[in-house]
Amino acid sequence: MLSWIRREVGQFAFGSLAMGAKALLAPVAFGAHAMLIDGEGRVGLARHSYRGGLSFPGGGVKRGEPPEHAVLRELSEELGAVRSDPPVLFGLYTRPSGWATNLIALYLLKNVQVAFRPSLEVRDLVFVDPAAPPPSASFGTLRRLAEYVGHTPPTPFW
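Residues numbered from 1 in each chain as written. Predicted model: local features only at pLDDT ≥ 70, side-chain atom pairs only at ≥ 80, totals over all residues. Heavy atoms only, no water.

> It is not clear to me how the nonpolar core should be interpreted in this structure. Could you clarify?
Most often, soluble globular proteins keep nonpolar side chains buried together rather than apart. Among the nonpolar cores identified, the biggest contains 15 residues, and Ala34, Leu36, Leu75, Leu79 and Leu109 are the most heavily contacted of them. Breaking this core down by element, the ones donating at least two residues are β1 (28-37), α2 (67-79), β7 (100-109) and β9 (122-128). Residue contributions to this core peak at 4 residues, all from α2. Excluding residues within four positions of it along the chain, Ala34 makes contact with Phe56, Pro57, Val71, Leu75, Leu106, Tyr107 and Leu109. Val43, Ile104, Leu108 and Leu145 belong to the second largest nonpolar core, which has 14 residues in total. (Core = buried A, V, L, I, M, F, W, Y, C linked by side-chain atoms within 4.5 Å. Buried < 20%, exposed > 50% of the residue type's maximum accessible area, 1.4 Å probe, protein only. Helix = DSSP H or I, 4+ residues; strand = E, 2+ residues; numbered from the N terminus. Contact = heavy atoms within 4.5 Å.)

Given below as structure tokens:
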């Protein structure tokens, strides 16, 4: 029995070290964003203080946090009070981000109502026609909206 415990603990320790080394060599940042759809079918886009253009609101997923919880937390922090149908995963996307890989879970929230209040991160929230988004929207946002309205096939790249 003691040898079995030593073997299992040793495998756990080796596995933990291997995962830690992998994280240093190939780090992944996990984010959760929301495509907010109001009762008129318009999509909510945020004007962030730290980047140009319009994009989906959202942010980082904390360690051990389910991404669908993270997206609701981020919306509350960035936008104010948000009511909607439960989040539904629209897609998982990847993009390089410096040395790391950014993995983004995009959730669709329908029948959204937002009591918007500007924050340090989001200066403005505008609702737009998803079939005719403003050209100031970020490239990834424009690609997701084109997928949403059926103008382009889905891709795994942000």
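This is not the end of the story, as more comes after the structure.
> Would you take a moment to explain α2 for this structure?
Working note: α-helix, 3.6 residues per turn, so residues spaced by three or four point in the same direction. For α2, with 13 residues, the first-to-last C-alpha span of 18 Å sits near the 18 Å given by 1.5 Å per residue. Within α2, the full set of buried residues consists of Pro67, Ala70, Val71, Arg73, Glu74, Leu75, Glu78 and Leu79. Residue Gly80 follows α2 closely and has a positive phi angle near 115 degrees. (Expected span 1.5 Å × (residues − 1).)

> Sorry, what's going on with the side chain of Asn102 here?
Here Asn102 is to be found in strand β7. Setting aside residues up to four positions removed in sequence, Asn102 forms contacts with Ala29, Gly31, Tyr93, Thr94, Arg95 and Ser97.

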